[in-house]
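Structure assessment
One-letter residues, chain by chain:
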Amino acid sequence: MSMTRSTGFSFIAPLLVLMVVAFNAPIVYMLGLAFWEKGRGFTLEHYEGLVEAPVYLRVLGNTMRIALIATLANIVIGYPLAHWMRGLGSRGRMIAIALVVLPFWVSILVRTYAWIVVLGNGGIVNRALQWSGLTDSPVSFLYNELGVTIGMANVLLPFLVLPLFAAMLRIDDRLLQAAASLGAPPRTIFWKVYFPLTLPALAAGSLLVFILCLGFYVTPAILGGGRVPMISNLLDTLINQIPRWEQASAISTILLIVTLAIFAAYRRLDRKASA
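Residues numbered from 1 in each chain as written. Predicted model: local features only at pLDDT ≥ 70, side-chain atom pairs only at ≥ 80, totals over all residues. Heavy atoms only, no water.

Once that is clear, we can look at the UniProt feature "transmembrane region" (unreviewed entry) in the protein. When the UniProt feature table is mapped onto this chain numbering, "transmembrane region" (unreviewed entry) sits at residues 12-36, 56-82, 94-116, 146-169, 189-218 and 248-266. Between the first and last C-alpha atoms of residues 12-36 the distance is 34 Å; the span itself is 92% helix and 4% strand. Overall, residues 94-116 shows 74% helix and 0% strand. The separation of its end C-alpha atoms is 30 Å. (UniProt positions renumbered as here; feature names shortened; annotations may be inferred. Helix = DSSP H or I, 4+ residues; strand = E, 2+ residues; numbered from the N terminus.)

Using the criterion set out here, one finds 3 salt bridges in the structure. E145 is the salt-bridge partner of R65, the closest N and O atoms lying 2.8 Å from each other. Of the two residues, R65 sits in helix 3 (residues 55-86) while E145 sits in helix 7 (residues 145-169), which places them 80 residues apart along the sequence. When its relative accessible area of 39% is taken as the criterion, R65 is described as partly exposed. Using a relative accessible area of 29% as the deciding quantity, one classes E145 as partly exposed. Taking the shortest distance from any N to any O, the salt bridge between D172 and R174 comes out at 2.7 Å. Relative accessible area serves as the criterion here: at 30%, D172 is assigned to the partly exposed category. (Salt bridge = Lys/Arg side-chain N within 4 Å of Asp/Glu carboxyl O. Buried < 20%, exposed > 50% of the residue type's maximum accessible area, 1.4 Å probe, protein only.)

The tally for this structure, following the rule as stated, stands at 8 aromatic pairs. When the ring of F190 is compared with that of Y194, the centres are 5.6 Å apart and the planes differ by 25 degrees; the resulting orientation is stacked. With F190 and Y194 both in helix 9 (residues 186-214) and 4 residues apart, this pair spans about one turn of that helix. By relative accessible area, Y194 is classed as buried at 3%. Clustering of aromatic rings is evident, with ring pairs tying together Y79, F190, W191, Y194 and F195. (Phe/Tyr/Trp six-rings, centres within 6.5 Å; stacked < 30°, edge-to-face > 60°.)

Along the chain, the position of N144 falls in the loop between helix 6 (124-132) and helix 7. Polar side-chain contacts of N144 include one of 2.9 Å to the backbone oxygen of S140. The residues touching N144, leaving out its near neighbours within four places in the chain, are L223, G224 and V228. (Polar contact = N/O pair within 3.5 Å; in protein donor to acceptor, adjacent residues only side chain to side chain. Contact = heavy atoms within 4.5 Å.)

Below, the structure written as structure tokens:
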């Protein structure tokens with residue numbers, strides 16, 4: 001038995017070392033910077049600075065709000081899309097999955113700049129609006145929260161659609177047929193049977209999208225044009241331009257705590273729902 005355990009540990013030891021060096025050590029170093037000052041040792045001044053300069057907390061709140069809006073946009077678009085994909089035939093499903101996965105093969109940078117071509121003042125959308133007579137002047141889609149939200153929702157949509165579609169495929173059609181045989185109308189079948197079965201996957205996918213939104217950098221930086229303050233852009237300024245690594249570490253620690261608290265709340269609600 002001990003020989004088997006030793007052999008098993010030798011197989012996973014390289015992976016453990018990689019995890020510690022590549023993931024855990026940087027996080028510990030980041031946490032240490034937030035509580036340490038050269039020549040002075042342990043300190044809480046970096047967190048006190050966040051309280052004294054409420055602009056940091058406003059940026060955090062702004063990031064949470066944009067992340068929530070982008071997540072809701074993904075839910076509104078992604079749930080009907082996944083439901084529609086479930087109703088397709090086998091060939092149609094393969095084509096739909098390929099179209100959903102296709103953005104992963106294109107650089108995020110390229111996809112983000114493509115939105116400038118689509119939403120710019122001389123872009124496709126504005127030209128169509130002016131041609132149809134709905135507006136006389138270009139609508140400002142870019143370099144504001146609207147453009148950032150659209151770009152983030154587009155990039156992160158597959159992270160919600162794919163797990164949600166997989167969960168929908170696992171639903172036994174006989175459950176829906178049984179509800180129909182008992183006289184339940186389609187709307188009741190959807191809300192009382194179908195939707196509750198997909199709710200765990202929807203919640204997990206939404207949480208994943210929300211957490212990814214909190215740390216998104218490329219899309220807000222390009223489509224926001226520096227006018228939409230978010231945590232990732234603020235950290236870039238504190239690290240690469242000022243620099244104030246300790247302040248950036250304190251902000252990152254708060255963001256990490258907020259993310260863990262949201263995940264813990266989700267897990268607690270999920271356990272209560274499963275009980």
